[in-house]
Amino acid sequence: MPIAKVNGVEVEFEPGMTVLQVAELAGEEIPRFCYHERLSIAGNCRMCLVEVKPGPPKPQASCALPAAEGNEIFTNTPMVKKAREGVMEFLLLNHPLDCPICDQGGECDLQDQSVGYGRDDSRYGGDKRAVEEKAMGPLIKTVMTRCIQCTRCVRFITEVAGVPDIGLISRGEDVEITTYLGKAVASELSANVIDLCPVGALTSKPYAFNARPWELKKTESVDVMDALGSAIRVDSRGAAVLRVLPRLNEEINEEWISDKTRYAVDGLGRQRLDRPYIREAGKLRPASWAEALSLVAEKLKGAQPDKIGAIAGDLQDLESMKATKDLFSALGVANLDCRQDGMALGAGPRESWLFNSTIAGIEDADVILLVGTNPRVEAPVLNARLRKRWLAGALTIGVIGEQADLTYGYEYLGAGPATLSGLAKSKSEFVKALKAAKSPAIILGAGALGRADGAAVTAAAAGVAKTFNMTWNVLHSAAARVGGLDLGFIPGEDGKSASDMVAKGALDVLFLLGADELDLSKSTAFTVYLGTHGDAGAHKADVILPGAAYTEKDGLYVNTEGRVQMGQKAVFPKGEAREDWSILRALSERVGQTLPYDTLAQLRAKLFADHPVLGRVDHAPSGAMVDLGAIGDKGELSDQPFANAVKAFYLTNPVARASVTMAECAAQASGAAMIAAE
Amino acid sequence: MSVRRLAANQPESFAFSPATLKEVKVWIAKYPAGRQQSAVIPLLWLVQKQEGWVSEPALRVVAETLSMPVIRVYEVATFYTMFMLEPVGSHALVQVCGTTPCMLRGAGDLISVCQKKFGNRDHKSADGKFYWQEVECMGACSNAPMAAINDFYYEDLTAETFEALLDDFAAGKKPKPGSAIARQGSSPEGGALVLLDPSLYDGTRAKPIKTLPNAPPKARKTKAPAP
């Protein structure tokens, strides 16, 4: 490997690295605005100037200069410092210096770097330029006078998000960042430009003037808005979660998160269940915990086990599902289900419901078949990774299901199961590529599984995967799904499934653990709802037990790869609400089946003892061979086309449905008039 | 130069005329498949040739024709100042050079003429026939001062000749482009001053060349070295 000297210290580097990267290898920090590891190199801010020998006797932009064998790089000479100070002075000429009223204050690259390279006064006496504000939709607030034209936002939206909506118009000192005639940015990843913006030009609209970064308590946690389990940082002040930011996790989300992950959190403060309720004469009345729990216990004790059922929702942590399962199993109940959409997975080996390529590993695939899924709305961050892989070239993607703009090119094969089952005999270009592929993968979406003929579709897909030796991947759309399946939260012997449980007269007591995606209108059972929001489940409930949302409890989540991740409590549950597992523990005592754990640690110990596979936190099982023949049941395939599981991206769960920001985004996306936020 | 924006009043739609469409195809064919976007500048220029200016619907049509995002076309159209983003005069688009050589040779007078006849720069005149603007150097410095009117250069102007020229345009005539003082190209005013000797041109001074200039010196004849 070639060797260069950085400030006199020899460093070995990989061929093709830039001078900036080599300097970073040597531990030298280079100031920069436009350069970003995950974007193309623009080289237009000039802040990263260094001296390189041999070369012209002037400072050079290190981000765009390839390093060469024998280079001598200097990052701290007087010439470099003077050059950077010059760049900084020019950047600040037209910058308004309105830090006291700027939301970026305290986490601003320009602010930080001006400490190192700024002057204490200005030599500029002329008029500063002012730039009109731009409309970029309900999430991105613009103060364009602050823009330093680094074009990170343009490059992100064009390259990573694949929705070329932002551009740099005009020229010279008049350049402006804008969308086309004030169009909202139509990407599910749009708000990442707020993190990328090194100054306060693009800031968060919902978070505008809410808080300063140093006032916030930062809690590292895990996202539950989709099944990827993106790494997030929850910023809270007092009892309120003010914002969510991405954390770096190369294995899952790199450093992006979807707009829903970021902005659904205002839903955590709305329509919350903050105390127990009991329905009397058709109306809910506030009740005490003792009263509510006793009523539930009485109903549970009075009902036959085969007339009791429990359904777990899409945002639940492992602990609450484990406690629920333990309690109801102790009561002899077999009617358990965590699959509100009725997806036909759960029996058989664990690998059959996992994304076995792993999210990072999907980049090694050379042919990918998407069945009944639109990753752009079901897992936007995964979609960005697929796009990245597609841009790298030598990737063929085929789609069976709904046709949509996925931000990358694909071959559309067909709409329904017939195309899937006929694939082996097809002579299309895609099948040719599939036959020649070295590491093909199939990604099966929830839309293909949650159907009446789901089991048959699964078997057909497994057949295709077996024929072409494809890696078996299931892309779930619910954060709790893999965890629920891992716990065996599925109907036992002669147990009813979720859709059977809500049928008329099927049960006497129905326990909903945060389950809000079911049609409960036919159910005649006495309904207990343990959850966070006044959504579908609570509307039908006879007793409401207020639980904790994902930011309010320590919890384990299993993402679609089967990776167990630990979420952390950022704030306390609202009002009288309690952590879900402790409610179940209290209930178990009243039912006379006391659960054998008094603390979360004991619960987790039991969980890991019963399910050792869940004990490996932050580990994604990969490379396991799946017995594809054992997946699904061969059966009649209907000719109904696959429909995507996520119909409205911004409104998939109770938290998002309670969020005003998400409602605005949904209205924007559907082209309807914007709901005024004020 | 100021911030370039699209005009407030835009036509409903834009379509290439059959003649322009033929040229569009020629331009697109110059680039390899998948690289049609390279034709964006020629296409915008064709739009401007057809309509006199580049309208917002035209940006969308160009984007669609080249299957590229409309924001990219917008970037190009606002970057290059030769694309007019609002309607120009029906008779002439007058672009007066105001850069140093022209300025020293009296571009200020031409600018005053425009100001007097048409009003403020970057606007249509009251009768809608003219649109004038000051532009940077157009590379005709030896014929300064000059103005580009529509597609041609008009050079060696004075306030009087310029005014007469503009009157011709207003009357619907097509004045002859080039120097107003009828000099040939950029040759000196009033005829040539050097190389006047006729014998330079009648061939009398020609004689055969013995050695070509810069030819390598001939190798001297040397005796073969003794064995």
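Here's a quick rundown of the structure. Along each chain, residues carry numbers from 1 onward, in the same order as the chain's sequence is written. Note on labels: chains are lettered from A, ligands numbered from 1, in written order. Whole-chain, interface and lining totals are the exception, using all residues; otherwise, since this is a predicted model, local features are given only for residues with pLDDT of at least 70 and side-chain atom pairs are given and counted only at 80 or more. Think of the side-chain values as coming from all heavy atoms in the structure, minus any hydrogens and water.

### What about the nonpolar core?
Residues and elements named next belong to chain A. Remark: nonpolar core denotes a set of buried residues (Ala, Val, Leu, Ile, Met, Phe, Trp, Tyr, Cys) joined through side-chain atoms within 4.5 Å. For each residue, the accessible area found with a 1.4 Å probe, counting protein chains only, is set against the maximum for its type, and the residue is called buried under 20%, exposed over 50%, and partly exposed in between. Within the largest apolar cluster, 107 residues are counted, with the highest numbers of intra-cluster contacts made by Leu110, Phe156 and Ile368. The contact definition used throughout considers only heavy atoms, calling two residues in contact when any of these lie within 4.5 Å. Apart from residues no more than four positions distant in its own chain, Leu110 is found in contact with Phe33, Met88, Leu91, Leu92, His95, Ile148, Pro198 and Val199. Counting residues in each nonpolar core, the second largest holds 83 residues, with Val296, Ala310, Leu614 and Phe642 among its members.

### Looking at the packing of aromatic side chains
The relation between two aromatic rings is expressed through the spacing of the ring centres and the mutual angle of the planes. Stacked, edge-to-face and tilted labels apply to pairs of Phe, Tyr and Trp rings (six-membered ring for Trp) whose centres lie within 6.5 Å, assigned for plane angles under 30 degrees, over 60, and everything in between, in that order. Applying the stated criterion across every chain, the model contains ten aromatic pairs over all chains. Consider the rings of A:Phe328 and A:Phe511, whose centres lie 5.2 Å apart with planes at 50°: the pair is tilted. Of this pair, A:Phe328 sits in helix H8 (residues 318–330) while A:Phe511 sits in strand E22 (residues 509–513), placing them 183 residues apart in sequence. Of the two residues examined, A:Phe328 and A:Phe511, each falls in the buried class. Ring-pair connections join several aromatic residues into one group, and the members of that group are B:Trp45, B:Phe79, B:Tyr80 and B:Phe83. Two conditions define a charge located above a ring, namely a distance within 6 Å from the ring centre to NZ of Lys or CZ of Arg, and an angle within 35 degrees of the ring normal. Here the basic side chain of A:Arg171 rests over the ring of B:Phe79, its NZ or CZ set 4.6 Å away from the ring centre. The aromatic ring of B:Trp27 is capped on one face by B:Lys30, whose charged end is 3.9 Å from the ring centroid. A run of H or I in DSSP becomes a helix once it reaches four residues, and a run of E becomes a strand once it reaches two; helices and strands are each numbered from the N terminus.

### What to know about the pairing of strand E23 (residues 526–531) of chain A
Residue and element names in this part refer to chain A. Among the six residues that make up E23, six are buried, leaving the element largely enclosed by the rest of the structure. Neither face of E23 is open: one carries Phe526, Val528 and Leu530, the other Thr527, Tyr529 and Gly531, and all of them are buried. Here E22 runs beside E23; their pairing, made up of five bridges, is parallel. Bridging from a neighbouring strand, Leu512 pairs with Tyr529 of E23. Looking at chain direction, E23 and strand E24 (residues 543–546) are connected through four bridges and run parallel. When the sheet's bridge partners are listed, Gly531 is paired in E24 with Pro546. DSSP bridges decide pairing: two strands pair if at least two such bridges lie between them.

### Thoughts on the layout of surface pockets
All names here are of chain B. Think of a 1 Å grid over the protein atoms and nothing else: a 1.4 Å probe that fits but is trapped marks a cavity, an open set flanked by protein within 12 Å on at least five of seven lines marks a pocket, and residues with an atom within 4 Å of a point count as lining. Grid points are joined across faces, edges and corners, and a volume is the space filled by probe spheres set on the points. Considering only enclosed or pocket space, the largest pocket measures out at about 1,200 Å³ in volume. Going through the elements one at a time, helix H2 (40–51), strand E1 (92–97), strand E3 (130–135) and strand E5 (152–155) are the ones with two or more residues in the lining of the largest pocket. Broken down by element, the residue count for the lining of the largest pocket peaks at four residues, all from E3. Under the grouping applied here, Gly and all other residues not named as nonpolar or charged are polar, the nonpolar ones being Ala, Val, Leu, Ile, Met, Phe, Trp, Tyr, Cys and Pro and the charged ones Asp, Glu, Lys and Arg. In the lining of the largest pocket, the residues fall into 19 nonpolar, ten polar and ten charged. Two domains each donate at least three residues to the lining of the largest pocket, and these are domain 1 (18–79) and domain 2 (92–179). Residue ranges for the domains originate in an automatic or database domain assignment.

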